[in-house]
Amino acid sequence: MPCLHAGAQESMEPDAETPGTASTATAGSFRSETVSEPPMVRGTGWFFTPQWSPRSKNRAGRFGDGLRSEQVEAWLDDHSDFTRDYFLRRTSAVSGAQSPLPRLPRSTSDHTDMLRPAPHRRSSSPPTDTHLNISTLMDRLKPLASNPEWEDPFSPDVLGRHSPFSPRSSRFSFSPCRPLSPICSPDLPDSPHPPPLPAESGAACGRGECCLWATELLRGGLGRMGSVAELCRGAALHAGELLTAECCSLSLVKKDCGGKSTLEEVVAPTALGLRSEVDLWSRPHPSLVKGVMGCVLAAGSPVKLRDASEDPRFDIEDFESSQIRNVLSVPIKNHTREMVGVVLMINKRNDCDGSVSGFTDVDEKVLFDHMDVLGMVLDNAQLYESSRQEAKRSQALLEMAQVLSKEHLSFEVLLSKMAATIMPFTHAQYCTIFIPSEQTSAVEHQAEFSRVIHLECEELGSTCQIYRRERDVGDLDPSNALKTLVCKKTLNMSDGSEESINSVICCPVRNEMSENVIAVCQLTNKRNRDSDEVEAFNRYDQRLLEDLALYCGLALQYAQAVQITEERRASIEVTQEVLAYHITAAEQEIQALQEAAIPTVESLQLLNFHFSDFGLPEETTTQATVRMFLDLNLVQDFNIDYKSLCQWVLTVRRGYRNNVPYHNWNHALSTAQSMFAMLMATERLQSIFSRLEILALMIATLSHDLDHRGYSNSYIERSQQPLAQLYGHSSLERHHYNLCLFILNNTGSQILSGLSAEDHRAVLHMIKRAILATDLTVHMERREEFFSLTKKSRVSWKSEKKRDLLRSMLMTASDLSAITKPWPEQKRIANLVTMEFFAQGDKEKKEFKIKPITAVLASPKDIMNREKSTRLPYMQVEYINDICYPLYKAVSRLFDTCSPLLRGCRKNRENWIHFGETAEGNNCDNSCCITASTHQNEEVETQEMEE
């Protein structure tokens, strides 16, 4: 590639001839043979620009497409006079140049043969000189997309590997005392910093030959460009040496969340040439650098100052004005002509005597051309760099997620492992997590930390070892963490309070629920692995730290949730111990029941469907329960310890609340007796059900209303009681089952201990299904399936699904059996039920300001409204017609021995109708309701007889 500098010089010479001026017709014919794109040859200096047009039809093509060496050679042959004059002029220009800086020989090859005129020929072999063989050079220039090299093990870290804190670059090393060398060599893939090519392979840019910086930059591939900082630094230093400037600086455009463009310094003001490191340029000039670059950013055009001290736009101190004479700054634009950065040059030196001279238009053009190359490559480099950083970030996030998902001995160990995950990615020497005290203040001087987690990273060659050090809060400087705690924002600082701390970044850890800062993560001393110098943390490090802060917040919440869970679990265990103590019967009661003579079923009338527990002593009720287990042979079949059975029965009785009018122990005993009577009266039922199913039914009937509070599920859900929050739907029934399970597992009450593990799981499942079936809402959803089943002439009960349905219907039939009892018992029980319902209705009216209605489908809607108490007979008849009578009719159709339940239900319906008609104080409306109900019942009975 011809030198950018030389091309610019030739194009600016006033007496330079061009092919166009020498022969217009010939030049026209030459242009007709090339593609219709911006000409690749500009001026007489063979300025082959490395840019390609954004409107190019083939952007992925190689440089030089459409410009073949045969065409160039033919044109040169046709214009021998121009060729001879050109090379003579170029030779004299090169030999006459007096540079104060010593340079190595350009090449060992002799180029004097280029002065001889070439013979006039159309077809000839390509010349051997690499400087005229444009096609050979173009073969080496390939677009960036052709060599993506996405995984380069020797690529340094991004934006920060050569930050303002580390001005030296291991990849781009330029010296004014020797010609510039290629950036990297593709022949040495194993070398992290490829050595420069020998001197004979290329000459210094600026002597009319190939610009090796641009050539090697474009052919090196993304993987060999290094970081964006290195790329920008190489471009700035190279252009600065071409322009013989004393100092150079480069910044990239950065857009904030609002879309505002700002400049981010990538290459700090750096001395060039023979300037001493301790000279002027070892200290930056923010007023000048920021001011000039800001003007370029705002205007989008270059700024060239002959004397910076005289420009009123910039406030330069006297000492600086004595050192700074002229300034040149140009924008850096990408292929879409969008500004991506600004470069600045200060004080151009004269090559002859070293004095300060002004930047010329040629210098401006050279700088523009080099920055165009940089801008073209920068987009791809930044994209490649971002992809590498996103890959690193994804890896770090996955590792932190893996750490978070595992169990750890303590919260400190969890945070330590998570912090250790990002330290190798950020190259931080220290990582500290400050945890504030619970009562910390929002004021900086009043805030304080209660504990710290401190980690140190020690590099061992290519690996690093991370240690956790025990540190107190007083051993570390918490000033930066306190600032972060107060402002609740990420702070990236250049200097710390100690001499060994040069770069610090702090990030708050927030509680996502309350947005409070619960900790502060701090990274300290980012180490450059090449030079071991401390450099600033870049935006990628900041993102990783913020990711760590997010995961630390999750870890803190997880640890707090685990702690709360463990505390609640311990609290539940304590509560269960207290409950087990108070619910378990006294030893004297257990011994008394164990030693008591259990009455027979005949004496207790347990086989009678009209059984009533009214007036029975509590001792007799528990004895009756034991008798039912004995007569069903459950004790013998399942090896139930008799003492355990006695304790279990007494504990179940204590599990019912005595202050509940109806859903108490007496109701449980009555339900169990109804199930017992159906099982004993119907041999077919005992043949349908297994012995395990019968055991489950008896346990379920006795436990189906344990700890009933006297309120329905609808009230519990409407009042948002803990039971509703714990169980959701069917809250009471699920609570009854859990308490049943608790009693079965209570020490001394384990009547299922003789079962195998499989039978134990099976019986618990059947108990749960049976208890949940007593929810009338569940019953109404399943009863149609049962009714259709009973209408079949023959039913096979081998299916578990059908037997589960039958068990559920028998549970409801036992639960509602009070409606089948003799009239005095039925009326007494109805009053008890009404007391519960009216009490609930009063609470609903008081708490929710609503009219109390039942939420059970097909139940009387006013059954809980005390103001409608006079309609009790009507509501009872409605309850029988809609729920009870269809159920007992279906059961009796299947099992004739259960017909006493149907007859008792029908009889009580008649009694309620008669009671409603003769009750004192009945009003006309109520009488009409009863009469209408009577006619409805007569129609139902007529339909039954027809069936």
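Cut-offs used in this document
Residues numbered from 1 in each chain as written. Predicted model: local features only at pLDDT ≥ 70, side-chain atom pairs only at ≥ 80, totals over all residues. Heavy atoms only, no water. Helix = DSSP H or I, 4+ residues; strand = E, 2+ residues; numbered from the N terminus. Contact = heavy atoms within 4.5 Å. Areas by Shrake-Rupley, 256 points an atom, 1.4 Å probe, with all protein chains shown as cover. Core = buried A, V, L, I, M, F, W, Y, C linked by side-chain atoms within 4.5 Å. Buried < 20%, exposed > 50% of the residue type's maximum accessible area, 1.4 Å probe, protein only. Axes fitted to C-alpha atoms, helices over the stretch in contact; angles between N-to-C directions. Parallel < 35°, antiparallel > 145°, perpendicular 65-115°, else oblique. Left-handed = near helix turned anticlockwise from the far one by under 90°. Nonpolar A, V, L, I, M, F, W, Y, C, P; charged D, E, K, R; others polar. Phe/Tyr/Trp six-rings, centres within 6.5 Å; stacked < 30°, edge-to-face > 60°. Pairing = 2+ DSSP bridges. Salt bridge = Lys/Arg side-chain N within 4 Å of Asp/Glu carboxyl O. Expected span 1.5 Å × (residues − 1). Bend = angle between axes of the 7 residues up to and from the residue. Polar contact = N/O pair within 3.5 Å; in protein donor to acceptor, adjacent residues only side chain to side chain. pLDDT = per-residue confidence, 0-100.

## Comments concerning the overall build of the protein chain
- Along the backbone of the protein chain there are 32 helices and 15 strands.
- In the protein chain, the share of contacts with a sequence separation of at least 24, taken over all contacts with a separation of at least 6, comes to 71%.
- Surface summary for the protein chain: the accessible area is close to 44,600 Å², and the carbon and sulfur share equals 51%.

## What about the nonpolar core?
- Judged by nonpolar contacts, the single largest core of 99 residues is most densely connected at Phe629, Trp648, Met698, Ile699 and Ile767.
- Other than its neighbours up to four places away in sequence, phenylalanine 629 contacts Leu634, Val635, Leu645, Trp648, Leu695, Met698, Ile699 and Leu702.
- Ranked by size, the runner-up nonpolar core spans 39 residues in total, among them Ala236, Val266, Val366 and Ala381.

## Description of the packing of helix H11 (residues 361-405) against helix H14 (residues 539-583)
- Viewed as axis vectors pointing N to C, H11 and H14 meet at an angle of 20°, and their least axial separation amounts to 11 Å. Accordingly, the angle class assigned to the pair H11 and H14 is roughly parallel. Pair H11 / H14 crosses with right-handed handedness. On the side of H11, the interface is formed by Glu385, Ser386, Gln389, Glu390, Arg393, Ala396, Leu397, Met400, Ala401 and Leu404, while H14 contributes Tyr540, Arg543, Leu544, Asp547, Leu548, Tyr551, Leu554 and Ala555.
- Each residue belonging to the contact of H11 with H14 can be placed in one class, and the counts come to 11 nonpolar, two polar and five charged.

## Quick notes on the packing of aromatic side chains
- For the structure on display, the rule yields eight aromatic pairs.
- Relative to tyrosine 715, the ring of tyrosine 711 has its centre 4.9 Å away and its plane inclined at 40°; by these criteria the two rings are tilted.
- A ring pair is formed by tryptophan 912 and phenylalanine 915, whose centres lie 5.8 Å apart and whose planes are at 90°; its orientation type is edge-to-face. Here phenylalanine 915 and tryptophan 912 lie together in helix H31 (residues 899-918), a separation of three residues that amounts to about one turn.

## Comments concerning the pairing of strand E14 (residues 517-527)
- Summarising burial for E14: 10 of the 11 residues are buried, a large majority.
- Judged from the six bridges that link them, strand E9 (residues 428-436) and E14 form a sheet pairing that is antiparallel. Paired with cysteine 431 across the strands is leucine 523, a residue of E14.
- Pairing between strand E13 (residues 504-510) and E14: seven bridges, direction antiparallel. Each bridged residue has a counterpart across the sheet, and for arginine 510 the counterpart in E14 is valine 517.
- Two strands pair when backbone bridges link them, and E14 and strand E15 (residues 534-535) are joined in this way by two bridges, in the antiparallel orientation. Looking across to E15, one finds that lysine 526 is bridged to glutamate 535.

## A look at the pairing of strand E3 (residues 245-255)
- The element E3 is largely enclosed, with a buried count of eight among its 11 residues.
- Here E3 pairs with strand E7 (residues 339-349) via seven bridges, running antiparallel. When the bridges of E7 are listed, leucine 250 appears paired with valine 343.
- Both E3 and strand E4 (residues 261-271) contribute to a ladder of eight bridges, which runs antiparallel. The residue of E4 that forms the bridge with lysine 255 is serine 261.

## As for unusual backbone geometry
- Unlike most non-glycine residues, asparagine 633 shows phi in positive territory, near 60°.
- Locating asparagine 633 in the fold gives a position in the loop between helix H17 (618-631) and helix H18 (634-637).
- Classification of asparagine 633 by relative accessible area gives partly exposed; the value is 38%.
- In this model, asparagine 639 sits at a positive phi of 50°, which is unusual for a non-glycine residue.
- As for its position among the elements, asparagine 639 is in the loop between H18 and helix H19 (642-654).

## Some details on the pattern of salt bridges
- One pass over the structure, following the stated rule, counts 33 salt bridges.
- The salt bridge involving aspartate 361 is made with lysine 304; its shortest N-O contact spans 2.6 Å. Of this pair, aspartate 361 sits in helix H11 while lysine 304 sits in strand E5 (residues 303-305), placing them 57 residues apart in sequence.
- The exposure class assigned to lysine 304 is partly exposed, which follows from its relative accessible area of 27%.
- In this structure, the salt-bridge partner of lysine 643 is glutamate 587, at a minimum N-O distance of 3.3 Å. With a gap of 56 residues between them, lysine 643 in helix H19 and glutamate 587 in helix H15 (residues 587-595) connect regions that are remote in the sequence.

## So, helix H12 (residues 411-426)
- Between its terminal C-alpha atoms H12 stretches 23 Å, which fits the 22 Å expected from 16 residues at 1.5 Å a residue.
- Those residues of H12 that sit buried are Phe411, Leu414, Leu415, Ser416, Met418, Ala419, Thr421, Ile422, Met423, Phe425 and Thr426.

## Concerning the environment of alanine 813
- As for its position among the elements, alanine 813 is in helix H28 (residues 800-815).
- Residues alanine 813 and threonine 774, spaced 39 residues apart in sequence, show a C-alpha to C-alpha distance of 9.1 Å.
- Here alanine 813 is in contact with Leu887 and Tyr888, once residues within four sequence places are set aside.

## A look at the side chain of glutamine 840
- Note on placement: glutamine 840 falls in helix H29 (residues 823-848).
- If sequence neighbours within four positions are ignored, glutamine 840 has contacts with Gly710, Tyr711, Ser712, Ser714, Tyr715 and Met864.

## Section: H11
- The first and last C-alpha atoms of H11 sit 63 Å apart over 45 residues, in line with the 66 Å expected at 1.5 Å per residue.
- Taken as a whole, H11 carries its principal kink of about 30° at leucine 378.
- N-capping of H11 is provided by threonine 360, with a side-chain oxygen placed 3.3 Å from the backbone N of valine 362.

## Points about the packing of helix H22 (residues 691-703) against H28
- Where H22 contacts H28, the axes come no closer than 11 Å and their chain directions differ by 30°. Between H22 and H28, the angle falls in the class roughly parallel. Here the hand of the crossing between H22 and H28 comes out right-handed. Together, Glu693, Leu697, Ala700 and Thr701 of H22 and Glu800, Arg803, Arg807 and Met811 of H28 make up the contact between the two elements.
- Residue composition of the contact of H22 with H28, by class: three nonpolar, one polar and four charged.

## Some words on the confidence of the model for the protein chain
- Of the residues in the protein chain, 67% reach a pLDDT of 70 or more, and the chain-wide mean stands at 75.
- Taken element by element, the predicted model of the protein chain shows its lowest mean pLDDT in helix H6 (residues 134-140) (34) and its highest in H22 (97).
- Across residues 94-204, confidence stays below pLDDT 50; counting only partners more than four residues off in sequence or on other chains, it has 242 contacts.

## Digging into the environment of proline 873
- If you trace the backbone, proline 873 turns up in helix H30 (residues 872-894).
- Classification of proline 873 as buried rests on a relative accessible area of 4%.
- Sequence separation between proline 873 and phenylalanine 915 is 42 residues; the distance between their C-alpha atoms is 6.9 Å.

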